[in-house]
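Reading the structure
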Amino acid sequence: MGLEDLGLSADEDAVYRTLIQVPAADGAEVAEAATLSAVRAQLALGSLVDRGLVTARGQDGGRRYVAAPPAVALGVELAAHRERLQRAELTVARLVETYRTASVDRSQRELVEIVEGTEAIRTRYLQIQLSARHTVDIFSAGEPRAVTPTDSEEVTSLARDVRVRAVVDQGFLKEPGAAEHVGQSLADGVQVRTVVRVPCKLILADGDTAMLPLHGDSGDVDPAVVLRGGAAHLARELFEQVWERGRPYQEPAAELDALDTDVLRLLLAGFTDTAVAGLLEMSVRTLQRRIQMLMAKADATTRLQLGWYARDRGWV
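Described below are features of the structure shown in this document. The structure displayed is predicted, hence computed values, not measured ones.

**Description of the overall build of the protein**
Scanning the protein from N- to C-terminus turns up 14 helices and ten strands. Going through the 316 residues of the protein one by one, you find that 39% of them count as buried. Taking as baseline every contact in the protein between residues at least 6 positions apart, the subset at least 24 positions apart corresponds to 64%. Carbon and sulfur atoms make up 53% of the accessible area of the protein, which amounts to about 17,400 Å² in all.

The following block contains the structure:
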């Protein structure tokens, strides 16, 4: 963490870090060690002295500077930072409450919000994702439009201990690079399942705020509708039903290479040999040879046996 996060400037950060490594130093020594001009170093020292992070000893001609112990000096800064953050959170909470109760009409309108325009939909999607405190649930279907996998903030949500689940359908897996994105999501900690087809694209935060295309499974996401309260609970129930019937899309097994894992995943997702070969950019004959090799490894005589073995061994 940079000390800028506690309100220090970059120069103050550099000067303080320099001083904690030496018993004491004069202005010229500090400037040289921190690679700052004499003027910038002196300004930073003066500010740090004022804040109690540095002590000045001696007269102007021979003044030397000593860093205050970090545990004490920065502990005060941390406490002040937390207090400011708490005040900001309280202010936001009050503003939210004021907004909600400003009028009955507004409160009613909040339950259903229409969002139009690709950029507005992308912005609202990310806001919903980042506002989640406990869970984020997603349906991914077909070609990504308003929100692409690279736009998503799944990693940010996971870093805040938010559980992220995603159901992807065959249409999504057919898109270029989709399998790689799903694999990265798995590596990041997202729980992923597959189905032949999801009802519509969807994001659901904490089970009480949902966004989905206004016209359902029409292939277009513009305009979108944001649902809150009881309406969002219906979306939650829909997600849970689809999640329960989905097949887990798991990390690659150590026994298989990534390509064999993709072959098995796509076959178990219901794709034909021709479709799998096209998605993995290989010939149908090459694909079928790989399948035969997998069957030999599993000691299976049918693809059904291969599927059971792959699931039992955690290959997919």
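**A few points about a nonpolar patch on the surface**
On the surface, Leu 111, Val 112, Ile 114 and Leu 214 cluster together to form a nonpolar patch covering roughly 330 Å² of accessible area. Here Leu 214 shows up in the loop between strand S8 (209-213) and strand S9 (224-228).

**Side note on the packing of aromatic side chains**
Per the stated rule, a full pass over the model turns up two aromatic pairs. Where Phe 139 meets Phe 239, the ring centres are 5.2 Å apart and the plane angle is 25°; that geometry is what we call stacked. Placement of Phe 139 in strand S4 (residues 135-140) and of Phe 239 in helix H10 (residues 230-245) is noted, with a sequence separation of 100 residues between them. Both residues of the pair, Phe 139 and Phe 239, count as buried. Consider the rings of Phe 239 and Trp 243, whose centres lie 6.0 Å apart with planes at 20°: the pair is stacked. Remark: Trp 243 and Phe 239 occur in helix H10; sequence separation between them is four residues, near one turn of the helix. One exposure class covers both Phe 239 and Trp 243, and it is buried. In this structure an aromatic cluster arises from ring pairing among Phe 139, Phe 239 and Trp 243.

**Digging into the side chain of Asp 273**
Secondary-structure assignment places Asp 273 in helix H12 (residues 273-279). By relative accessible area, which is 14% here, Asp 273 ends up buried. A polar contact of 3.3 Å, which involves the side chain of Asp 273, links it to the side chain of Gln 288. If we ignore the near neighbours within four places in the chain, the residues touching Asp 273 are Leu 267, Val 284, Leu 287, Gln 288, Ile 291 and Arg 303.

**Overview of the packing of helix H11 (residues 258-268) against helix H13 (residues 284-298)**
The interhelical angle for the contact between H11 and H13, taken along N-to-C directions, is 95°, at an axis separation of 11 Å. Classed by the angle they form, the pair H11 and H13 counts as roughly perpendicular. Contacts from Leu 259, Asp 260, Val 263, Leu 264 and Leu 267 in H11 reach Leu 287, Arg 290, Ile 291 and Leu 294 in H13. Residue composition of the contact of H11 with H13, grouped by class: seven nonpolar, no polar and two charged.

**Topic: the nonpolar core**
Counting 46 residues, the largest nonpolar core has Leu 173, Met 211 and Leu 306 as the members making the most contacts within it. In terms of residue count, H13 provides more of this core than any other element does, five residues in total. The residues contacting Leu 173, other than those within four sequence positions of it, are Val 168, Ala 178, Val 182, Thr 194, Tyr 249, Leu 266, Ala 269, Phe 271 and Leu 279. One finds Leu 3, Ala 31, Ala 34 and Leu 36 within the second-largest nonpolar core, a separate group that totals 22 residues.

**Describing unusual backbone geometry**
The backbone of Thr 35 shows a phi angle near 50°, a positive value even though the residue is not glycine. Within the secondary structure, Thr 35 sits in the loop between helix H2 (27-33) and helix H3 (38-50). Even without being a glycine, Asp 206 presents a positive backbone phi close to 55°. As for its placement among the helices and strands, Asp 206 is situated in the loop between strand S7 (202-205) and S8.

Calculation criteria
Residues numbered from 1 in each chain as written. Predicted model: local features only at pLDDT ≥ 70, side-chain atom pairs only at ≥ 80, totals over all residues. Heavy atoms only, no water. Helix = DSSP H or I, 4+ residues; strand = E, 2+ residues; numbered from the N terminus. Buried < 20%, exposed > 50% of the residue type's maximum accessible area, 1.4 Å probe, protein only. Contact = heavy atoms within 4.5 Å. Areas by Shrake-Rupley, 256 points an atom, 1.4 Å probe, with all protein chains shown as cover. Patch = residues over 30% accessible without salt bridge, like charges linked within 9 Å, V, L, I, M, F, W, Y side chains within 5 Å. Salt bridge = Lys/Arg side-chain N within 4 Å of Asp/Glu carboxyl O. Phe/Tyr/Trp six-rings, centres within 6.5 Å; stacked < 30°, edge-to-face > 60°. Polar contact = N/O pair within 3.5 Å; in protein donor to acceptor, adjacent residues only side chain to side chain. Axes fitted to C-alpha atoms, helices over the stretch in contact; angles between N-to-C directions. Parallel < 35°, antiparallel > 145°, perpendicular 65-115°, else oblique. Nonpolar A, V, L, I, M, F, W, Y, C, P; charged D, E, K, R; others polar. Core = buried A, V, L, I, M, F, W, Y, C linked by side-chain atoms within 4.5 Å.

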